[in-house]
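Breakdown of the fold
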Amino acid sequence: MFTPQPIGFVSSPFKNTGEIPKGLGAQHKEEGALRVLPEFEMGLTDIEGFSHLIVLWEFDRAENFALLGTPPSDNRPHGVFATRSPRRPNPIGLTVVELLRREGCALHVRGLDMLDGTPILDIKPYLSSIPAEELRRGWLAEAEARHKGRATLGAGEK
Ligand SMILES: C[S@@+](CC[C@H](N)C(=O)[O-])C[C@H]1O[C@@H](n2cnc3c(N)ncnc32)[C@H](O)[C@@H]1O
């Protein structure tokens, strides 16, 4: 296996995990920058043409991994590989961000869900070719349906 080295670091408004939106319906609209190290700048050539990027990064402040966990979006446990938990055997995060502009080594982006100073492992253009109707959302779809049902019930009870 290779030994990963950061290609850069994230400048994010989030200084602690409690500030990052979580759970059903959470939206990630925060802006910040992917600051690529100067020795990798040539690798950004032609990146400006892409609207969205996949960022692979390290959960550098995660605790030990747990194979089962209850995510903030559900009240039932799920396997780590069926979730986006930070507590993974290989603590690698993946976030799709919108590229707003490039300034030299800095990619200004929207949609961050990682802490300030998070090490970046890789950046790739986002090119999804899977039609929305072919995507299955597993346990998350069930959790969303239960949540929606409770919200409707609550509204009806008023
Ligand atoms: C649920 S994970 C999802 C991350 C990514 N979108 C993914 O799917 O891999 C996002 C959470 O990871 C935690 N987190 C963010 N940056 C982190 C870091 N550098 N180290 C450890 N935990 C982090 C925060 O609690 C944040 O709400």
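First, a word on what this report is: a plain description of the structure on this page. Just so we're clear, the structure is a prediction, and the values are computed from it rather than from any experiment.

Definitions and limits used
- Residues numbered from 1 in each chain as written.
- Predicted model: local features only at pLDDT ≥ 70, side-chain atom pairs only at ≥ 80, totals over all residues.
- Heavy atoms only, no water.
- Near = heavy atom within 4 Å.
- Polar contact = N/O pair within 3.5 Å; in protein donor to acceptor, adjacent residues only side chain to side chain.
- Areas by Shrake-Rupley, 256 points an atom, 1.4 Å probe, with all protein chains shown as cover.
- Helix = DSSP H or I, 4+ residues; strand = E, 2+ residues; numbered from the N terminus.
- Nonpolar A, V, L, I, M, F, W, Y, C, P; charged D, E, K, R; others polar.
- Core = buried A, V, L, I, M, F, W, Y, C linked by side-chain atoms within 4.5 Å.
- Buried < 20%, exposed > 50% of the residue type's maximum accessible area, 1.4 Å probe, protein only.
- Contact = heavy atoms within 4.5 Å.
- Pairing = 2+ DSSP bridges.
- Axes fitted to C-alpha atoms, helices over the stretch in contact; angles between N-to-C directions.
- Salt bridge = Lys/Arg side-chain N within 4 Å of Asp/Glu carboxyl O.

**Examining the site of the ligand**
Taken together, 18 residues form the shell around the ligand, and within it Asp60, Arg84, Leu94, Asp113 and Thr118 come nearest. At 2.6 Å from an oxygen atom of the ligand is found a side-chain nitrogen or oxygen belonging to Arg84. Here a nitrogen atom of the ligand and a side-chain polar atom of Thr95 are 3.3 Å apart. Within the complex, the protein chains bury 87% of what would otherwise be the 590 Å² of accessible surface of the ligand. Elements supplying a minimum of two residues to the shell around the ligand: strand 3 (52-58) and strand 6 (92-103). Considering each element in turn, the shell around the ligand owes the most residues, three residues, to strand 6. Residue composition of the shell around the ligand, by class: eight nonpolar, four polar and six charged.

**A closer look at the nonpolar core**
In terms of nonpolar packing, the biggest core is built from 18 residues, with Leu34, Leu107 and Ile123 touching the most fellow members. Secondary-structure elements contributing two or more residues to this core are strand 2 (31-36), strand 3, strand 6, strand 7 (106-110) and strand 8 (119-125). Counting residues per element, this core draws most heavily on strand 3, at three residues. Residues contacting Ile123, with those up to four places away along its chain left out, are Ile7, Leu34, Val36, Ile47, Leu53, Ile54 and Leu107.

**Focus on the sheet that holds strand 1 (residues 8-11)**
Spatially, six strands are ordered 1-2-7-6-3-8 in a closed barrel, and the strand pairing comes out antiparallel. Looking at each pair of strands side by side, their axes are set apart by 45 degrees on average, direction ignored. Across five bridges, the pairing between strand 2 and strand 7 is antiparallel. If you follow Arg35 over to strand 7, its bridge partner there is Ala106.

**Things to note about the pattern of salt bridges**
Where side chains of opposite charge bring their charged atoms close, a pairing between them can arise. Under the counting rule described, the total for this entry stands at 10 salt bridges. Put simply, Arg146 and Asp74 hold a salt bridge, and the shortest N to O gap is 2.5 Å. You can see Arg146 sitting in helix 1 (residues 138-157) and its partner Asp74 sitting in the loop between strand 4 (68-69) and strand 5 (78-79), a full 72 residues away along the chain. Glu144 is the salt-bridge partner of Arg137, the closest N and O atoms lying 2.6 Å from each other. The exposure class of Arg137 is partly exposed, given its relative accessible area of 48%. One salt-bridge network, held together by shared partners, links Glu31, Glu98 and Arg110.

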